[in-house]
Amino acid sequence: MQKILSLLLMSLIFLISFNVKAEENNMTAKKVLVAYFSATGTTAGVAEKLATATGGDLFEIKPEQPYTDADLNWHSKQSRSSVEMADKSSRPAIKGKVADMNKYDVIFVGFPIWWYREPSIIDTFMESYDFSGKTVIPFATSGGSDIGDSGKIMQSLAPQAKVLNGKKFSSGVSENELKKWVAEWL
Ligand SMILES: Cc1cc2nc3c(=O)[nH]c(=O)nc-3n(C[C@H](O)[C@H](O)[C@H](O)COP(=O)(O)O)c2cc1C
């Protein structure tokens, strides 16, 4: 009787650990990168939660020349961000590169909404890599505006990629909500 019980127990342990392993494999089947630009930290917070939710690598898109408070002043037409955003061909330089973009299947690209779309530095990012065969999924934070045409603009800059429309999140979005959002692509 004891033998049968211990055999049953062993099979149960095997089945549970097999299931856990299968779930882990499923989560890591697609290689995920979460790349983001954040001028004041809000998008960074969402990007970190998204990296945890997806098990993906995190990459911060850092400007070669950091944005000062004066640069971010949208009330002034002369501020750096206003000048850049008014010029569709503006491509602010990025410091550093993703080590091996080749290995990723799905790339989430996060940013704050600036003047109803993605900041120009995201345009620099989209033109810096070969996204052939990859899915790019934008995500954003904002003061209220939606993600707008960001996905469409990003698609035009990287025609070899499949760029989705993406979604805007509030800073307080939960990891669980993000997990549900990403489920269809991972
Ligand atoms: C230059 C600039 C332009 C902005 N334009 C918009 C906008 O068009 N619509 C909006 O809802 N919020 C706008 N915002 C607010 C940011 O999108 C919002 O604060 C965002 O969450 C900041 O993210 P971050 O902390 O990651 O930089 C703008 C902010 C800046 C600095």
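Above: the structure in question.
So, how was this worked out
Residues numbered from 1 in each chain as written. Predicted model: local features only at pLDDT ≥ 70, side-chain atom pairs only at ≥ 80, totals over all residues. Helix = DSSP H or I, 4+ residues; strand = E, 2+ residues; numbered from the N terminus. Buried ≥ 20, exposed ≤ 12 C-beta atoms within 10 Å, placed from the backbone. Contact = placed C-beta atoms within 7 Å. Arc of directions from axis to C-beta. Near = placed C-beta within 6 Å. Core = buried A, V, L, I, M, F, W, Y, C linked by C-beta atoms within 7 Å. Pairing = 2+ DSSP bridges. Right-handed = clockwise from strand over helix to strand, strands pointing away.

Looking now at the overall build of the protein. Looking only at helices and strands, the protein features six helices and eight strands. Secondary structure elements in the protein, listed N-terminal to C-terminal, are α-β-α-β-β-α-β-β-α-β-α-β-β-α. Taken across its 186 residues, the protein has 31% of its residues classed as buried. Relative to all contacts within the protein whose residues are 6 or more apart in sequence, the contacts with residues 24 or more apart total 75%.

Every buried residue of helix α5 (residues 150-157) is accounted for by S150, G151 and M154. An end-on view of α5 places all buried positions within 95 degrees of arc, on one side of the element. For α5, the exposed residues set more than 90 degrees away from the buried face come down to K152 and S156.

Next up on the list: the site of the ligand. Around the ligand, 20 residues are found, and the nearest of them are S38, T42, T43, P112 and G143. Ranked by residue count, the leading element in the shell around the ligand is helix α2 (residues 42-54), at three residues.

Relative to the elements of secondary structure, Y36 occurs in strand β1 (residues 32-36). A tally of 26 C-beta atoms within 10 Å means that Y36 is categorised as buried. Counting along the chain gives 24 residues from Y36 to E60, while the straight-line C-alpha distance between them is 5.1 Å. Residues within four places of Y36 in sequence aside, it is in contact with T43, A44, A47, E60, I61, G110 and F111.

What follows deals with the nonpolar core. Generally speaking, nonpolar side chains in soluble globular proteins are found buried as a group. Grouped together as the largest cluster of nonpolar side chains are 36 residues, with contacts concentrated most on V34, A35 and L50. Within the residue set of this core, elements represented by two or more residues are β1, α2, β5 (106-112), α4 (120-126) and β6 (135-141). Excluding anything up to four places from it in sequence, L50 contacts V34, F108, F139 and L178.

This brings us to the pairing of β5. Counted residue by residue, β5 has seven buried out of seven residues, so it is predominantly covered. Where burial is concerned, the two faces of β5 agree: the one with V106, F108, G110 and P112 and the one with I107, V109 and F111 are both buried. Pairing of β1 with β5, which is carried by five bridges, proceeds in the parallel orientation. Opposite V32, over in β5, you have V106 as the bridge partner. Here β5 pairs with β6 via seven bridges, running parallel. Residue pairing for β6: G110 is matched across the bridge by F139. Each parallel crossover has a hand, and for β5 linked through α4 to β6 it is right-handed.

Any link to function would need more than the numbers given here.
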